[in-house]
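Below, each chain spelled out in residue letters.
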There are 2 protein chains.
Amino acid sequence: MKKFINDPADVVAQALAGIAAAHPELRVDVEEQYIVRADAPRPGKVALVSGGGSGHEPLHSGFVGPGMLDAACPGEVFTSPVPYQILAATKAVDGGAGVVHIVKNYTGDVLNFQLAAELATDEGISVETVLVDDDVAVEDSTWTAGRRGTGATLLVEKIAGARAEEGGKLAEVAAIGREVNAASGSFAYALTAGTTPAAGRPGFELPADEIEAGVGIHGEPGRRREKLRPARDLVRSALDVILDAKSFDGPVIVLVNGLGGTPLIELYLVYGEVAEYLAERGVPIARRLVGNYVTSLDMAGMSLTLCRATDEMIRLWDAPARTPGLHRGA
Amino acid sequence: MKKFINDPADVVAQALAGIAAAHPELRVDVEEQYIVRADAPRPGKVALVSGGGSGHEPLHSGFVGPGMLDAACPGEVFTSPVPYQILAATKAVDGGAGVVHIVKNYTGDVLNFQLAAELATDEGISVETVLVDDDVAVEDSTWTAGRRGTGATLLVEKIAGARAEEGGKLAEVAAIGREVNAASGSFAYALTAGTTPAAGRPGFELPADEIEAGVGIHGEPGRRREKLRPARDLVRSALDVILDAKSFDGPVIVLVNGLGGTPLIELYLVYGEVAEYLAERGVPIARRLVGNYVTSLDMAGMSLTLCRATDEMIRLWDAPARTPGLHRGA
C-alpha cells in the first residue's frame, strides 16, 4: 500500500487535525471527531448534521459551512460514526429550531443515527431524519437493506442546507430533503478498487479489461462485471437504468461525480456524453456539476446522478454556499 | 488501460465539448481548441492567457473566468499548444489593454508561446510573458531547461488575474505575476505513474515500496527513487528543500496539491504535517489551499508549494474568483 499517511490507525484523526489547521472557518473537535461551523450554534436556525464512514471526501466534512451542513461526523474509513459522536455534534449545532439528520442508507449509519436521534430527543432537541437511498443499481447490498445512498447526498445537503439557511422550519427543511432524494437516481462504474489504509490492499480485484457496473461507494458489488466499453456506451447504459427507475418528466440537475482516482478530463468527456444522450431522450438539463464530490478513496470510477428538479429545488441549488468542497456566490 | 474515453485520439476534443456543455459561462472553440470567458473580449481590461498540455486539469481550463484567466489553450495530453491556437485565443480576449501570457517552463510551451506573442505583436497586440519555474526539485529535466513550472502556476493565475480584474495595467499585471513566481518554490512526490490515453500504460514503473521524490507533472524523473516513508518524513524532507532554495522570511501561501489519484483525506493529513513543521521552522502561514489543482492525470502523488506572500499578494489572493476549478466570494 502506498499512501501519504503515518500509521493506518491514525489516518482519520490526523486528517481531522489537518482540516482544523486548514479551515479557521470551521471548528473541529478532534477528540469527539466532529466538525462544525465556527459560528455554531446559530440561534433559531434549523441545523443540518450528516456523517458516515470516512473515505468519501469532500463528503461530508467538506460540505460544512454556510448554506450546507452545520456539522459532519466522520467515522473511521468506511465505518459508521458512533451514536455519542452524532449526539455530540447534534448538541453542538442545535440552535433551538431543531436538527435534521441526513443519513445515507447503510445499516450501521441508520442504526447509529437513529440511536443518536433518540438520545437527542431525550435531551429536548427535535430531530428529523432524511434517509438518502438514490442508488438505483441494486436493491440490498453488502452493508445495507434497500437502496444505497450515494451521489444524491450532495444534492440533499445543498438544497436542504439552503432552505435552512434562509429560515426554513424543521419540517420544511426535512421535506425538501426527502423530495430531493425521492426525485434522484444514481448509477456508478468502477474501473479499479480503492484501498483502505486498514486493509492495505484493494477492496476487490478486477481483470485488466473488466469493470464493475453498479458498484457501491465502498466497493460493494453492483449488477455485474462486464468488459470495458467506450464511455459513450457506459453513459447510455447507466442513464437507461436511471431513467427507467424513476420519473424524469422535466428538468434535471446532473451530477457527474468522480470516485477519487479518475481525472477531470475524463469526467468532462463523460458529461459531454450525458448532455448528448439526455438531449436525445428529451430530458432538459437545468443545472450540472462535474467533479470529485462523493468519492471512494482512490477508486478509479464515476457515478451519474439525475435529480428531477422543481423550480424550488433549482432556486435553492443556486443559493450561495461557502464550504471547502463546494463554494458558490457571496 | 482503463479510462472513460471513446478513442484515445479524441480525448481532448471530446473533453472540450463536455466543458462547453457544462459551462455556459465559458465559450469553447472546439475547432481552434481554446476556452474563453463568455464575455470576452473585455474592453480596457488586461487579458490573461495560459495553456499547456492537457492532463493537468483543472489547470488551465478550469481557471478561466472572472478574477483569473480570460483564456486557456489546452494542447493534446502532455503536449504543448500550437502557436496559431495561442494566437487565436490571444486575439479572442484582447480588449485593447494588452495580454499577459502565463507560460510554464517547458521548452515546447516556451517556444510556441513566444512565436504566438510575436505574431500577436505583429497584429498590434501588446503581449507580456510571465514564465513560471517554481519546481525546486531539479535544474533541467526531460522536457525543459531550467526549473519546471508546476503548482505556483495556480498562484500566478489567481493573483495576477485579480490584479487585471481590478484594472491593473499590462506592466503591473505582468510584474505581480513574476513576483509570485520568484517568491514560490514547489516539490512533488509520486507514488504511482499516470497513464496517458495515447500510451495506454503508466509513464514509468515504480516498485511496490518505492516513490519518486521530486517528480515532474509529466512523470519526469526527480531527484531520486526512495523507499516510501511516513507522510511526516516526506513533508519535512520536501519543505527542507523548498525552504533552502529561496527566502521565506515572512508569511506564506501554502498549496497542498494532489496529482490526481490521491484522496483528499491524505491531502488534509499532509496539510496537518505542513502546518506543524512550518510552525517549528518559524514560517507563518497566511493562507492555504488543499486539493487537486495541478494534476498529472491519475498519478497518485502530491506537491507542496510555498509562496512568500506580500500584503499585496494576500489581498489579491483573497479577491473573488468565479471559475469552474476555483471559486470564492461574490
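Computed from a predicted model, the values in this text were never measured in an experiment.

**Student:** When you look at the interface of chain B and chain A in this model, what are you seeing that I'm missing?
**Tutor:** Note: interface size is frequently given as the accessible area lost on complex formation between the parts. With 58 residues of chain B at the interface, the matching set in chain A holds 58 residues. Interface area, chain B with chain A, both sides summed: about 4400 Å², of which 68% is carbon and sulfur. Contact with chain A buries surface across chain B, with K2, F4 and I265 of chain B losing the most and accounting together for 22% of the total. Counting across the interface, chain B meets chain A through 2 salt bridges. The salt bridge involving E266 of chain B is made with K3 of chain A; its shortest N-O contact spans 3.5 Å. The interface formed by chain B and chain A includes 20 residue pairs in polar contact (both at pLDDT 80 or more).

**Student:** Please clarify how the pairing of strand β2 (residues 34–37) of chain B should be interpreted in this entry.
**Tutor:** Each regular strand carries side chains that alternate between the two faces of the sheet. All names here are of chain B. The sheet contact formed by strand β1 (residues 26–29) and β2 spans 4 bridges and is antiparallel. Across the sheet, residue L26 finds its bridge partner in β2, namely R37. Once β1 ends, the chain turns through 4 residues before running back antiparallel as β2, passing Q33 with a positive phi of about 65°. Taken together, the 2 bridges between β2 and strand β4 (residues 71–77) define a ladder with antiparallel strand orientation. Along β4, the bridge assignment pairs I35 with A72.

**Student:** What is the right way to read the packing of aromatic side chains from this model?
**Tutor:** Both the distance between ring centres and the angle between the ring planes are used here to describe each pair of aromatic rings. Taken as a whole, this structure holds 2 aromatic pairs over all chains when the rule is applied. Ring centres 5.4 Å apart and planes at 65° place the aromatic pair F187 of chain B and Y189 of chain B in the edge-to-face group. Like F187 of chain B, the residue Y189 of chain B is buried in the burial classification. Geometry around W317 of chain A places R328 of chain A over its ring, the cationic atom sitting 5.1 Å from the centre.

**Student:** Would you mind going over the pairing of strand β5 (residues 99–104) of chain A with me for this structure?
**Tutor:** All names here are of chain A. Across the 6 residues of β5, 6 count as buried, placing the element largely inside the fold. Of the two faces of β5, the one holding V99, H101 and V103 and the one holding V100, I102 and K104 are both buried throughout. Note that strand β3 (residues 47–54) and β5 share 4 bridges and pair parallel. Bridging from a neighbouring strand, V49 pairs with H101 of β5. Pairing between β5 and strand β6 (residues 127–132): 6 bridges, direction parallel. Each residue of the ladder has a partner; that of V99, found in β6, is V127.

**Student:** Looking at this structure, I do not really get the domain arrangement of chain A. What am I missing?
**Tutor:** Residue and element names in this part refer to chain A. Here chain A is partitioned into domain 1 (10–183) and domain 2 (184–320). Here the C-alpha centroids of domain 1 and domain 2 sit 22 Å apart. Contact with domain 1, which involves 40 residues of that partner, is made by 40 residues of domain 2. Summed over both partners, the interface of domain 1 with domain 2 buries about 3200 Å², with 65% contributed by carbon and sulfur atoms. Three residues stand out in domain 1 for area buried against domain 2, namely V136, L155 and A183, and they jointly supply 17% of the buried area on that side. Connecting domain 1 to domain 2 are 1 salt bridge. The residue E166 makes a salt bridge to R315 at a minimum N-O spacing of 2.9 Å. Put simply, domain 1 and domain 2 have 20 residue pairs in polar contact (both at pLDDT 80 or more) between them. When contributions to the side of domain 1 that touches domain 2 are tallied by element, the ones reaching two or more residues are α4 (152–165) and α5 (170–182). No other element matches α4, which puts 7 residues into the side of domain 1 that touches domain 2. Of the residues in the side of domain 1 that touches domain 2, the class split is 21 nonpolar, 9 polar and 10 charged.

Rules used in this analysis
Residues numbered from 1 in each chain as written. Chains lettered and ligands numbered in written order. Predicted model: local features only at pLDDT ≥ 70, side-chain atom pairs only at ≥ 80, totals over all residues. Heavy atoms only, no water. Contact = heavy atoms within 4.5 Å. Buried area = accessible area lost by both parts, 1.4 Å probe. Salt bridge = Lys/Arg side-chain N within 4 Å of Asp/Glu carboxyl O. Polar contact = N/O pair within 3.5 Å; in protein donor to acceptor, adjacent residues only side chain to side chain. Pairing = 2+ DSSP bridges. Helix = DSSP H or I, 4+ residues; strand = E, 2+ residues; numbered from the N terminus. Phe/Tyr/Trp six-rings, centres within 6.5 Å; stacked < 30°, edge-to-face > 60°. Buried < 20%, exposed > 50% of the residue type's maximum accessible area, 1.4 Å probe, protein only. Lys NZ or Arg CZ within 6 Å of the ring centre and 35° of its normal. Domains from an automatic or database assignment. Nonpolar A, V, L, I, M, F, W, Y, C, P; charged D, E, K, R; others polar.

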